[in-house]
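# Working through the structure, step by step
Chain by chain, the residues run as shown.
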Amino acid sequence: MDFDYSDIVPVDLNTETPQLCQIIYSDEYKLIMGKLLSLMKQKEYSLRALNLTSLGIEQLASHYTTWIYRYDIINNLPNFDYYSELDWCEQIALDNEKNYQIWNYRQLIIEKIGFDNYDPIREYPIMEAMLDGDNKNHHVWSFRKWLVEKFNMFESEKEVEFVSNMIELDVKNNSAWCHRFFLRFNNEKNVKSEIEYVKEKIELCPQNASTWNYLIGIFEKFDLEITELKEFCFKFLNLDDDKVSSSFALETLAKIYIIEDDKESAIRMYTLLKEKYDPIRCNYWNFKISTIEN
Amino acid sequence: MSNNSKRNQKLKDINYIIKLLGRKRYPIITEMTSTEISNKSNWKPYNPPIKDTYTSLTTVSQDEFHKVLSDEYSQIENMKFYKDIHVDYLNVALNSKYPSGFKSLDANHTWMIYWLVNSLVLLKSEITKDTKVLVRDKIESCIIDDGIHGISGGRNQIGHVASAYAAILSLILIEEYELLNRIKDNLYNWFMSLKTDYGFRMHEHGESDTRSIYCVLIISTLLNIKTEELMSGVIENLKCCQTFEGGFGNVENCEAHGGYTYCGIASFLILLKSKNAVKHSINFDSLLYWSVSRQGNYEGGFNGRTNKLVDSCYSFWIGGTIPILESIEENKLFQNDGLKNYILTCCQNDINGGFIDKPGRKVDFYHTNYALSGLSIIENEYVLNENESDDCLAFGFDVSDGLNELDIGCIHPVFAIPIEKVNECKEFFYGND
């Protein structure tokens, strides 16, 4: 549909001189943004205004003002089709990987449709496409967490399957592990199986902070004794041969020795970390040693 | 315009574009003013003797990154700091007209001013009277109805809390207190209009997270407009944002991240009055562990999340927490030399000035400011006093003698502008209390 914008006087976009950090805009940008901001000032909520925000977002997706204005417009349009709005959003998301206005906007639209009326499965393809491009995209994972929470998807097999697949593809994808922690520990019933699951993943790749943080995270959250992990830690070190396949095993062992009041062994672990297996944190390991000695 | 002058203009244009964008290091040796670092660094890139046979996207990009870093580290014998070149870069950036591609920064006008002016002040470069007037003009163009509707990221745009943060810090950097005094009560009402039960929306219909909370806390503390009503529910919400890993996420149950962790811990120093209170409000040990874990054995610099690549902006987002965590724990915890090596050797553009995220990238204002802010943190020594009379623990930071061989200003770890600017501002807004 063609719209007539000839009656709108565009606002000036930072024309005053001298000016610091002045952007010399292209004529196209000046025209689109100038008219868009002018319409916004007049609080015009119309289809032509909506179209102008589409053009504006194509120019610059991170222009938050355009998104706010667009939301005000659709709130004021009768019989607006929120589903087609979600479809349009998807294209913008794919073209703008790092953008995050769009995910907040998407939440607003879904809220508008109503949580009782919306099938969250509809969000799967776009999230999958986005995480395919960047498997650690923080905005997309945050959105996914919001979705799980709002639609109470803690028991969703599909969701567990998805996050397991992501971990299968890259066991060092920390975003996936964080999502899993949120998903699985809504209650206590998964604790045992998750401990087994993460231990398996640690054996697959022992030098991985994500999995060790997950494991220790479970023990802390549910108040379990990490001394139970002693035998498991020894799978990754042979101290007689001075062979270590995970610095995190050394560290966990140090914590276990402290609980067992075996100060000497704990200090030995921290010293190995400090001198050989993790020297960038030498000051931190020294600090740990000092807390044992005092 | 004659053809000749047109051509000269064009050449000038091209020159500043090249300067702004930066370019890859040339293997040309030219004499430049630089500060050579006198004391030998006792840090070297190091690969721990742990064999990792697993392969995935993460390990491949990590390995490639190490190769690039190994090139950078092998080229340079001694670290150098090209202060004058950075000052030139910043002045050019501040006073140039940018080509149309810079429209990507069109919602970030107040941020551009903050990044550039803060960097200049850190480098102890004088901000002239004329420049101060232009800074004020630019920021004023983003203040909506004297602050009634907040401060935006650009003229005619809508109020945004993070844009307001950058705007207020810029005005404090140029000591524009009269203007700040005029708008502060309106800003307070604007914040109240964005308040939710537990935080603040970034803007109308916007998201609320640790970042929006940090920005509101910083502005309202500096301008002395904090009230109990404004703060209600905030601290409980922040506590929920600490994750099982130890760092903070944007909202509850999201992945811990350097930027949000900085916002989280800095906020506690605004909300609380003693080190002990901070230590016991959160899981301090796990925060400590997560924070020191951001530093790479081979890289020296910080990443922002577990199993991600190092990026110079975390030199401040994580670096800023160094004085905070070390003062509270009263112990040395981080390896500053590694960070200094990463910033100066891998991220410095020594031809045209400015800093990059990681080798291969282009310079930008954002990374320049946060790399310099990180350098400032490790070059200066801090003390954190608990003063009964202070409104919050954050005001207790002071600089003590550091080695500071780069002769760089001393950034405040919580307010993210030089300490003397914070103190001047405090004197103005709290002086008569």
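Looking up chain B in an unreviewed UniProt entry gives the name Protein farnesyltransferase subunit beta, with the organism given as Candida verbasci. Word for word, the UniProt comment on chain B under Sequence similarities (unreviewed entry) is "Belongs to the protein prenyltransferase subunit beta family."

Looking up chain A in an unreviewed UniProt entry gives the name Protein farnesyltransferase/geranylgeranyltransferase type-1 subunit alpha, with the organism given as Candida verbasci. On record in UniProt, under Cofactor (unreviewed entry), the comment for chain A is "Mg(2+)". Recorded in UniProt for chain A, the comment headed Sequence similarities (unreviewed entry) runs: "Belongs to the protein prenyltransferase subunit alpha family."

### Structural notes on the domain arrangement of chain A
Residues and elements named next belong to chain A. Considered domain by domain, chain A is made up of domain 1 (1-80), domain 2 (81-153), domain 3 (167-224) and domain 4 (228-294). Here domain 2 and domain 3 have C-alpha centroids that lie 25 Å from each other. Contacts between the two partners involve eight residues from domain 2, matched on the other side by eight residues from domain 3. For the pair domain 2 and domain 3, the summed buried surface comes to about 710 Å²; carbon and sulfur atoms form 64% of the total. Where domain 2 meets domain 3, there are zero salt bridges. Summed over the shared surface of domain 2 and domain 3, the number is one residue pair in polar contact (both at pLDDT 80 or more).

### A closer look at the packing of helix α7 (residues 138-150) of chain A against helix α9 (residues 174-184) of chain A
Residues and elements named next belong to chain A. Direction vectors running N to C along α7 and α9 enclose 15 degrees, while the axes themselves pass 11 Å from each other. Judged on the interaxial angle alone, α9 and α7 are roughly parallel. Our pair here, α7 against α9, has a crossing hand that is right-handed. Between α7 and α9, the contacting residues are Trp141, Arg144, Lys145, Val148 and Glu149 on the first element and Ser175, Ala176, His179, Phe182 and Leu183 on the second. Within the contact of α7 with α9, the residues separate by chemical class into five nonpolar, two polar and three charged.

How each quantity is defined
- All residue numbers refer to position in the chain's written sequence, counted from 1.
- As a convention, the first chain written is A and the first ligand written is 1, with the rest following in written order.
- Given that this is a predicted model, residues contribute local features only at a pLDDT of at least 70 and side-chain atom pairs are listed and counted only at 80 or more, while totals for whole chains, interfaces and linings are drawn from all residues.
- The basis for every side-chain value is the complete set of heavy atoms in the structure, and neither hydrogens nor water enter the calculation.
- UniProt positions are given in the numbering used here, feature names are shortened, and annotations may be inferred rather than shown by experiment.
- The source of the domain bounds is an automatic or database domain assignment.
- The contact definition used throughout considers only heavy atoms, calling two residues in contact when any of these lie within 4.5 Å.
- Put simply, buried area is how much 1.4 Å-probe accessible surface two parts lose in total, over both of them, once they are put together.
- By definition here, a salt bridge exists when the distance from a side-chain nitrogen of Lys or Arg to a carboxyl oxygen of Asp or Glu is within 4 Å.
- Counting of polar contacts relies on pairs of N or O atoms within 3.5 Å, with two restrictions inside protein: one atom must be capable of donating a hydrogen and the other of accepting it, and residues adjacent in sequence are counted only when both atoms are side-chain atoms.
- Lines are fitted to the C-alpha atoms to define the axes, a helix being fitted only along its stretch in contact, and any angle between axes, read from their N-to-C directions, falls within 0 to 180 degrees.
- Starting at the N terminus, helices and strands are each numbered in turn, a helix being any DSSP run of H or I of at least four residues and a strand any DSSP run of E of at least two.
- An angle below 35 degrees is treated as roughly parallel, one above 145 as roughly antiparallel, one from 65 to 115 as roughly perpendicular, and anything else as oblique.
- Each crossing gets its handedness from the near helix: less than a right angle anticlockwise from the far helix is left-handed, clockwise is right-handed.
- The residue classification treats Ala, Val, Leu, Ile, Met, Phe, Trp, Tyr, Cys and Pro as nonpolar and Asp, Glu, Lys and Arg as charged. All others, Gly included, are polar.

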